[in-house]
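If you want the building blocks of each chain, they are given just below.
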Amino acid sequence: MELKEARKIAQYVVPRLLFDLPQDIKIQLVRPGENEDSLLFRLIEKAASDIRWKAVNLENQRREQYM
């Protein structure tokens, strides 16, 4: 993956991650408590899902350009 593609993915994932988080998770981010591990797992799982989606989307766009 090129840096340019990584930037496009980050520009998609980071705002989406912060916007789409449920309110309870946003509160835990401000005041982490006992469930920090589960919070991190949920954040990583969501980010990974969004990264995969955007990477596939970019790959499909690249293929369409070559056709």
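Every value quoted in this text rests on a predicted model; they were computed, and no experiment measured them.

### Observations regarding the pattern of salt bridges
Scanning all chains against the criterion turns up four salt bridges. When the shortest N-O distance is used, the salt bridge between Lys46 and Asp50 registers 3.1 Å. On the criterion of helical spacing, the pair formed by Lys46 and Asp50 is a turn pair, its members being four residues apart in helix H3 (residues 36–66). When salt bridges that share partners are traced, they join Glu5, Glu59, Arg62 and Arg63 into one network.

### Section: the packing of helix H1 (residues 3–20) against H3
Contact pair H1 / H3: the axes reach a minimum separation of 9 Å and the direction vectors enclose 140 degrees. When the axes of H1 and H3 are compared, the pair comes out oblique. The interaxial crossing formed by H1 with H3 has right-handed handedness. Judged by residue contacts, Glu5, Lys8, Ile9, Tyr12, Val13, Arg16, Leu17 and Asp20 of H1 engage Leu43, Lys46, Ala47, Asp50, Ile51, Trp53, Lys54, Ala55, Leu58 and Arg62 from H3.

Parameters and conventions
- Residues numbered from 1 in each chain as written.
- Predicted model: local features only at pLDDT ≥ 70, side-chain atom pairs only at ≥ 80, totals over all residues.
- Heavy atoms only, no water.
- Salt bridge = Lys/Arg side-chain N within 4 Å of Asp/Glu carboxyl O.
- Helix = DSSP H or I, 4+ residues; strand = E, 2+ residues; numbered from the N terminus.
- Axes fitted to C-alpha atoms, helices over the stretch in contact; angles between N-to-C directions.
- Parallel < 35°, antiparallel > 145°, perpendicular 65-115°, else oblique.
- Left-handed = near helix turned anticlockwise from the far one by under 90°.
- Contact = heavy atoms within 4.5 Å.

The values are spatial; any link to function lies outside them.
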